[in-house]
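Single-letter residue listing:
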Amino acid sequence: MPIRRILASVIATAALAGLGLTSAATATAATAQGAPSYVTPSQCRQGGGEPRIDLPGNPCVGGTYDGQSVD
């Protein structure tokens, strides 16, 4: 019986630790996505895009930073 209790305790602890890691990853992802995204014209070009300050919102068109605002 004591072995079963210890095993159950170990499994429960592992499950709770897994939930904690999942919550931390979700919180980090939400924080990273919540910030406004601006790139410089040189970052846009280096990423393979073209800064289009003549378009509404000044987007970077194409490349890694496609759709992000150029500041």
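Residues numbered from 1 in each chain as written. Predicted model: local features only at pLDDT ≥ 70, side-chain atom pairs only at ≥ 80, totals over all residues. Heavy atoms only, no water.

**Here's the deal with the overall build of the chain**
As a reminder, the rule being used: Strands are runs of DSSP state E lasting at least two residues, helices are runs of H or I lasting at least four, and both sets are numbered from the N terminus onward. Residue contacts are counted whenever heavy atoms from the two residues lie within 4.5 Å of one another. Accessible surface is estimated by sampling points in the Shrake-Rupley manner with a 1.4 Å probe; for residues, cover comes only from the protein chains shown.
Along its length, the chain carries two helices and four strands. Going from N to C terminus, the chain has its helices and strands arranged as α-β-α-β-β-β. Sequence separation of at least 24 residues holds for 25% of the intrachain contacts in the chain that already meet a minimum separation of 6. In the structure as shown, the chain presents an accessible area of about 5,500 Å², 62% of it carried by carbon and sulfur atoms.

**Comments concerning unusual backbone geometry**
Backbone geometry places N58, a non-glycine residue, at a positive phi of 50°. Structurally, N58 can be placed in the loop between β2 (50–51) and β3 (60–61).

**Quick word on the pattern of salt bridges**
Short version of the rule: Every case where a carboxyl oxygen of Asp or Glu lies within 4 Å of a side-chain nitrogen of Lys or Arg is listed as a salt bridge. Here the term buried applies to any residue with accessible area under 20% of the maximum for its type, exposed to any over 50%, and partly exposed to those in between, with areas from a 1.4 Å probe on protein chains only.
As enumerated under the stated definition, the model contains one salt bridge in all. D54 is the salt-bridge partner of R52, the closest N and O atoms lying 3.0 Å from each other. Looking at D54, the relative accessible area reads 54%, which means it is exposed.

**Let's talk about the state of the cysteines**
Where two cysteines share a covalent bond between their sulfur atoms, that bond is called a disulfide. Rules: Any cysteine sulfur atom paired with another within 2.5 Å is treated as part of a disulfide.
Applying the stated criterion to the full structure yields one disulfide. At a sulfur-sulfur separation of 1.9 Å, the disulfide partner of C44 is C60. One disulfide, between C44 and C60, carries an S-S torsion of 90° and so falls in the right-handed class. One end of the pair, C44, is in helix α2 (residues 41–46); the other, C60, is in strand β3, and 16 residues separate them in sequence.

**Considering the environment of V39**
With respect to the helices, strands and loops of the structure, V39 is situated in strand β1 (residues 38–39). Separated by 31 residues in the primary sequence, V39 and V70 place their C-alpha atoms 5.0 Å from one another. Once residues lying within four places of it in the same chain are set aside, the contact partners of V39 are C44, C60, Y65, Q68, S69, V70 and D71.

**Some details on the environment of D71**
Take D71: it is sitting in the segment after β4 (69–70). Overall, D71 belongs to the exposed group, its relative accessible area being 69%. Apart from residues lying up to four places away in sequence, D71 is in contact with Y38, V39, T40 and P41.

**As for the environment of V61**
Tracing the chain through its elements places V61 in strand β3. Judged by its relative accessible area of 38%, V61 is partly exposed. C-alpha of V61 to C-alpha of C44: the two residues are 17 residues apart in sequence and 8.2 Å apart in space. Not counting residues up to four positions away in its chain, the partners in contact with V61 are C44, G49, E50, R52, L55 and D66.

None of this, on its own, says anything about what the molecule does.
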